[in-house]
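Here's the letter readout for the chains.
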Amino acid sequence: MSILECKNLYKEYKKGIGVLNGMNFQIESGKIVGLLGPNGCGKSTLIKIIAGVLQATAGEVLVDGHEIGDESKALVSYLPERTYFNSYMQVSELVEYFSQFYKDFNADKAYNLLSDLGINPNAKLKSLSKGTKEKVQLILVMSRDAKLYLLDEPIAGVDPAAREYILSTIVGNYNPDSTIIITTHLISDVEQVLDEYVFLGFGGRILQQGAVDEAREQSGMSLDSMFKEVFRCSQNF
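On a predicted model such as this, the values are computed, not experimentally measured, just so you know. (Residues numbered from 1 in each chain as written. Predicted model: local features only at pLDDT ≥ 70, side-chain atom pairs only at ≥ 80, totals over all residues. Heavy atoms only, no water.)

Draft legend 1. Representation of the overall build of the protein chain within the structure. Tallying secondary structure elements over the protein chain gives nine helices and ten strands in all. On C-alpha atoms alone, the protein chain measures out to a radius of gyration of 18 Å, which is about the 18 Å that the 2.2 N^0.38 rule sets for 237 residues. Per-residue burial for the protein chain yields a buried fraction of 48% across its 237 residues. In the protein chain, once contacts between residues fewer than 6 apart in sequence are set aside, the share between residues at least 24 apart is 70%. As displayed, the protein chain has an accessible area near 11500 Å², and 46% of this comes from carbon and sulfur atoms. For the protein chain, the separation between the mean place of its 23 positive charges and that of its 30 negative charges on side chains is 9 Å. (Helix = DSSP H or I, 4+ residues; strand = E, 2+ residues; numbered from the N terminus. Rg over C-alpha atoms; globule rule 2.2 N^0.38 Å. Buried < 20%, exposed > 50% of the residue type's maximum accessible area, 1.4 Å probe, protein only. Contact = heavy atoms within 4.5 Å. Areas by Shrake-Rupley, 256 points an atom, 1.4 Å probe, with all protein chains shown as cover. Lys, Arg positive; Asp, Glu negative; His and termini not counted. Charge placed at Lys NZ, Arg CZ, Asp CG, Glu CD.)

Draft legend 2. Main features of the environment of Pro80. In this structure, Pro80 sits in the loop between β6 (76-79) and α3 (91-101). Residues Pro80 and Ile47 lie 33 residues apart in sequence; the distance between their C-alpha atoms is 8.7 Å. Residues contacting Pro80, with those up to four places away along its chain left out, are Gln137 and Asp152.

Draft legend 3. Geometry of the packing of aromatic side chains. Scanning the entire structure with this criterion turns up ten aromatic pairs. Their ring planes at 75° and their centres at 6.0 Å tell us that Phe85 and Phe98 sit as a pair that is edge-to-face. One end of the pair, Phe85, is in the loop between β6 and α3; the other, Phe98, is in helix α3, and 13 residues separate them in sequence. Each member of the pair, Phe85 together with Phe98, is buried. Taking 5.3 Å as the distance between ring centres and 50° as the angle between the ring planes, the aromatic pair formed by Phe98 and Tyr102 counts as tilted. Since its relative accessible area comes to 23%, Tyr102 is described here as partly exposed. The aromatic ring of Tyr102 is capped on one face by Arg144, whose charged end is 4.0 Å from the ring centroid. (Phe/Tyr/Trp six-rings, centres within 6.5 Å; stacked < 30°, edge-to-face > 60°. Lys NZ or Arg CZ within 6 Å of the ring centre and 35° of its normal.)

Draft legend 4. Expanded view of helix α4 (residues 107-117). All of the buried residues in α4 are Ala110, Leu113 and Leu114. Along the axis of α4, the buried residues cluster in a sector spanning 100°; they form a single face. Summarising the geometry of α4, the exposed residues directed more than 90 degrees from the buried face are Asp108, Asn112, Ser115 and Asp116. The inward-facing, buried residues of α4 contact α3, α5 (130-142) and α6 (160-172). Looking at the residues trailing α4, positive phi occurs at Gly118, about 70°. (Arc of directions from axis to C-beta.)

Draft legend 5. Spatial organisation of the side chain of Arg144. With respect to the helices, strands and loops of the structure, Arg144 is situated in the loop between α5 and β7 (148-152). Since its relative accessible area comes to 3%, Arg144 is described here as buried. What Arg144 contacts, discounting residues up to four positions off in sequence, is Lys73, Ala74, Val76, Ser77, Tyr102, Asp104, Phe105 and Tyr149.

Draft legend 6. Geometry of the confidence of the model for the protein chain. For the protein chain, per-residue confidence averages 89 on the pLDDT scale, and 97% of positions sit at 70 or higher. Mean pLDDT across the elements of the protein chain ranges from a minimum in α6, with 78, to a maximum in strand β5 (residues 66-67), with 96. (pLDDT = per-residue confidence, 0-100.)

Draft legend 7. A look at the pattern of salt bridges. Scanning the entire structure with this criterion turns up eight salt bridges. Between Asp64 and Lys147 there is a salt bridge, with the nearest N and O atoms lying 2.9 Å from each other. Taken as a pair, Asp64 in the loop between β4 (58-63) and β5 and Lys147 in the loop between α5 and β7 lie far apart in primary sequence, 83 residues in all. For Asp64, a relative accessible area of 15% gives the class buried. Take Lys147: its relative accessible area is 39%, and that puts it in the partly exposed class. (Salt bridge = Lys/Arg side-chain N within 4 Å of Asp/Glu carboxyl O.)

Draft legend 8. Geometry of the packing of α5 against α6. One can describe the packing of α5 onto α6 by two numbers: an axis separation of 11 Å at closest approach and a directional angle of 5°. Taken together, the axes of α5 and α6 are roughly parallel relative to one another. Contacts from Lys135, Leu138, Ile139 and Met142 of α5 reach α6 at Ala162, Tyr165, Ile166, Thr169 and Ile170. Class assignment for the residues of the contact of α5 with α6 results in seven nonpolar, one polar and one charged. (Axes fitted to C-alpha atoms, helices over the stretch in contact; angles between N-to-C directions. Parallel < 35°, antiparallel > 145°, perpendicular 65-115°, else oblique. Nonpolar A, V, L, I, M, F, W, Y, C, P; charged D, E, K, R; others polar.)

What follows is the structure, encoded as structure tokens:
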């Protein structure tokens, strides 16, 4: 069953200037999917529409068969590109906030992950490094029992060691029946954990979509090399 369907999806920030132009695709349940493309191609815009943060100009988005609204939002756990928490809150206060706000949040799981990283629950967010703040936010998002996880650039701006931890946390802490969509332009760093991919070009055009292992076998290239080739060819039209 499709966990996500986008039908004739358009988004304009200025009249006549489309970020997403008639996008059509669907994603099945139980997959880790890379929404891959260069900066400025509409990845974050698409994720925000699915999460219900932005409204599409036209078209339809269905999450597990539900139109965007209260029912769809209850199924989605969203990690935005930027940290949005109050910097004066303690980590434990954030855990409590998530516990009260989300019925599917597992506080014990969050505290266990914080302990694994040696993050003090009593520390204020402002005292933590940028990378640690991002880890806290990821832990909170992944401690929900959601059907669809939307992770917007989860490894951007952190060092390689932190990227490895973030990816292992993503893979090791979700229900296999759920689906994870990861947006990034750092394709070589994430392709090891992906089941499927969607190549997104400028103007929100789907350039290519498929199973990662099958695509690598057929092309004889890494996913990163494939994207560079597909994107280069798309620029010639």
